[in-house]
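The lines below spell out each chain.
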Amino acid sequence: MYSDEDIRRLKWQSRRGMLELDVLLVPFVDEAFRQLSLEDQLRFEKLLACEDQDLFVWFMQREVASDPEIARMVKMILDRVQPA
């Protein structure tokens, strides 16, 4: 279980300094992270450990992450903001 302090830390780590990433990651922490399964919460932390350049190409859908867990999390985040 993540504490409020853990959530604040994740929110801080989600601020990447690149607007395209910030508008996806920060709201995800605020609005969806607590409802994720523990496995998906851990996947999100793994995603945050990735390089900004990699995150950018994945979220702009120019490439798909080779790690299926990372690819799952990218899709989950994109599905929240893209119309079906």
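Refer to the structure printed above.
In this report, the structure presented in the accompanying data block is examined. What you see is a predicted model; the values in this text were computed from it and never measured.

## Thoughts on the packing of helix H2 (residues 19–31) against helix H4 (residues 52–59)
Inference 1: One way to put it is that H2 packs onto H4 with a least axis distance of 10 Å and a crossing angle of 75 degrees. Viewed along their axes, H2 and H4 adopt a mutual orientation that is roughly perpendicular. Within the contact between the two elements, H2 uses Glu20, Leu21, Leu24 and Leu25 and H4 uses Asp52, Leu55, Phe56 and Phe59.

## A look at H4
Inference 1: Burial within H4 is extensive, with six of its eight residues counted as buried.
Inference 2: When H4 is considered as a whole, its buried residues turn out to be Asp52, Leu55, Phe56, Val57, Trp58 and Phe59.
Inference 3: At its buried positions, H4 is contacted by H2, helix H3 (38–48) and helix H5 (68–81).
Inference 4: Following H4 by one or two positions, Gln61 has its phi on the positive side, about 60 degrees.

## Description of the nonpolar core
Inference 1: Counting residues in each nonpolar core, the largest one holds 27 residues, and the members touching the most others are Leu25, Phe28, Phe44, Leu47, Trp58, Phe59 and Ile77.
Inference 2: When contributions to this core are tallied by element, the ones reaching two or more residues are helix H1 (4–14), H2, H3, H4 and H5.
Inference 3: Broken down by element, the residue count for this core peaks at six residues, all from H5.

## Remarks on the pattern of salt bridges
Inference 1: Enumeration according to the criterion identifies ten salt bridges in this entry.
Inference 2: Its salt-bridge partner being Asp79, residue Lys75 comes within 2.7 Å of it at the nearest N-O pair. Here Lys75 and its partner Asp79 are both found in helix H5, four residues apart, which amounts to about one turn of the helix.
Inference 3: When its relative accessible area of 43% is taken as the criterion, Asp79 is described as partly exposed.
Inference 4: Salt bridges linked by common partners bring Asp40, Arg43 and Arg72 together as one network.

## Focus: the side chain of Asp52
Inference 1: With respect to the helices, strands and loops of the structure, Asp52 is situated in helix H4.
Inference 2: There is a polar contact of 2.6 Å between the side chain of Asp52 and the side chain of Arg16.

## Looking at the environment of Leu38
Inference 1: Tracing the backbone shows Leu38 in helix H3.
Inference 2: For Leu38, a relative accessible area of 46% puts it in the partly exposed group.
Inference 3: Note: C-alpha distance between Leu38 and Arg8 (30 residues apart in sequence) is 17 Å.

Rules used in this analysis
- What you see as residue numbers is a count from 1 along each chain, following the sequence as written.
- Per-residue local features are limited, in this predicted model, to residues with pLDDT of at least 70; the limit for side-chain atom pairs, both in listing and counting, is 80 or more; totals at the level of whole chains, interfaces and linings are taken over all residues.
- For side-chain calculations, the full set of non-hydrogen atoms in the structure is used, while hydrogens and water are omitted.
- Axes here mean lines fitted to C-alpha atoms, for a helix over just the part in contact, with angles spanning 0 to 180 degrees between N-to-C directions.
- Strands here mean DSSP runs of E at least two residues long; helices mean DSSP runs of H or I at least four residues long; both are numbered from the N terminus.
- Throughout this description, any angle smaller than 35 degrees is read as roughly parallel, any larger than 145 degrees as roughly antiparallel, any in the 65 to 115 degree range as roughly perpendicular, and the remainder as oblique.
- Any two residues whose heavy atoms approach within 4.5 Å are treated as being in contact.
- Note on exposure labels: buried denotes an accessible area under 20% of the residue type's maximum, exposed denotes more than 50%, and partly exposed covers the range between, all computed with a 1.4 Å probe on protein chains only.
- Definition used in this section: a nonpolar core is a set of buried Ala, Val, Leu, Ile, Met, Phe, Trp, Tyr and Cys residues joined via side-chain atoms within 4.5 Å.
- Salt bridge, as used here, is a side-chain nitrogen of Lys or Arg placed within 4 Å of a carboxyl oxygen of Asp or Glu.
- For this analysis, a polar contact is any N or O atom pair within 3.5 Å, provided that within protein one partner can donate a hydrogen and the other can accept it, and provided that sequence-adjacent residues contribute only side-chain to side-chain pairs.

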